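The residues making up each chain are set out below.
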Amino acid sequence: QVHLVESGGGLVQTGGSLRLSCAASGRTFSNYAMGWFRREPGKERAFVSAINWNGGSTSYADSVKGRFTISRDNAKNTVYLQMNSLKSEDTAVYYCAAGRGPRMADGFDSWGQGAQVTVSS
């Protein structure tokens, strides 16, 4: 079991930027993929982005491609989601996820409590 704590959420205007952070503990962080998911109001949780164990590979949902960037600092056991050009549609609770293995394709098995991101128009 891994413990994940998100931070960096808040209120931002359309077109603005925000960076989410996720601090992990309870697992050898550098051995596992990490990801970000979100749940928009009235919808189920959906995939946003993922990164493999060493940061060499990343993946993004089409809705955020070109605007969001996922990164990780294994020395700090932290994964980040830089969100630029934010839209009202990005308003959601964002969840950090820990992978089952080193590859993104291995899936995810642990989740943080979530961080609220609200984009005002």
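Above this text you will find the structure in question.
Residues numbered from 1 in each chain as written. Predicted model: local features only at pLDDT ≥ 70, side-chain atom pairs only at ≥ 80, totals over all residues. Heavy atoms only, no water.

Draft legend 1. Focus on the overall build of the chain. Counting its regular elements, the chain contains zero helices and eleven strands. When the elements of the chain are put in sequence order from the N terminus, they spell out β-β-β-β-β-β-β-β-β-β-β. In terms of overall dimensions, the chain is globule-like: its C-alpha atoms have a radius of gyration of 13 Å, near the 14 Å expected for 121 residues. If you line up the chain on its principal axes, its C-alpha atoms span 40 × 25 × 25 Å. Counting every position in the chain, which comprises 121 residues, the buried fraction comes to 43%. A separation of at least 24 residues holds for 57% of the contacts in the chain among residues at least 6 apart in sequence. Accessible surface computed for the chain: about 6100 Å², of which carbon and sulfur atoms make up 44%. The average position of the 13 basic charges and that of the 9 acidic charges among the side chains of the chain differ by 3 Å. (Helix = DSSP H or I, 4+ residues; strand = E, 2+ residues; numbered from the N terminus. Rg over C-alpha atoms; globule rule 2.2 N^0.38 Å. Buried < 20%, exposed > 50% of the residue type's maximum accessible area, 1.4 Å probe, protein only. Contact = heavy atoms within 4.5 Å. Areas by Shrake-Rupley, 256 points an atom, 1.4 Å probe, with all protein chains shown as cover. Lys, Arg positive; Asp, Glu negative; His and termini not counted. Charge placed at Lys NZ, Arg CZ, Asp CG, Glu CD.)

Draft legend 2. Structural context of the sheet that holds strand S8 (residues 78-83). Spatially, the four strands line up as an open sheet ordered S1-S3-S8-S7, and their pairing is antiparallel. Each edge of the sheet is formed by a strand with only one pairing partner; in this case those strands are strand S1 (3-7) and strand S7 (68-73). Taken pair by pair, the neighbouring strands of this sheet meet at an average axis angle of 15°, ignoring direction. In terms of strand pairing, S7 meets S8 through six bridges, oriented antiparallel. Its bridge partner being in S8, Ser 71 is matched across the sheet by Tyr 80. (Pairing = 2+ DSSP bridges. Axes fitted to C-alpha atoms, helices over the stretch in contact; angles between N-to-C directions.)

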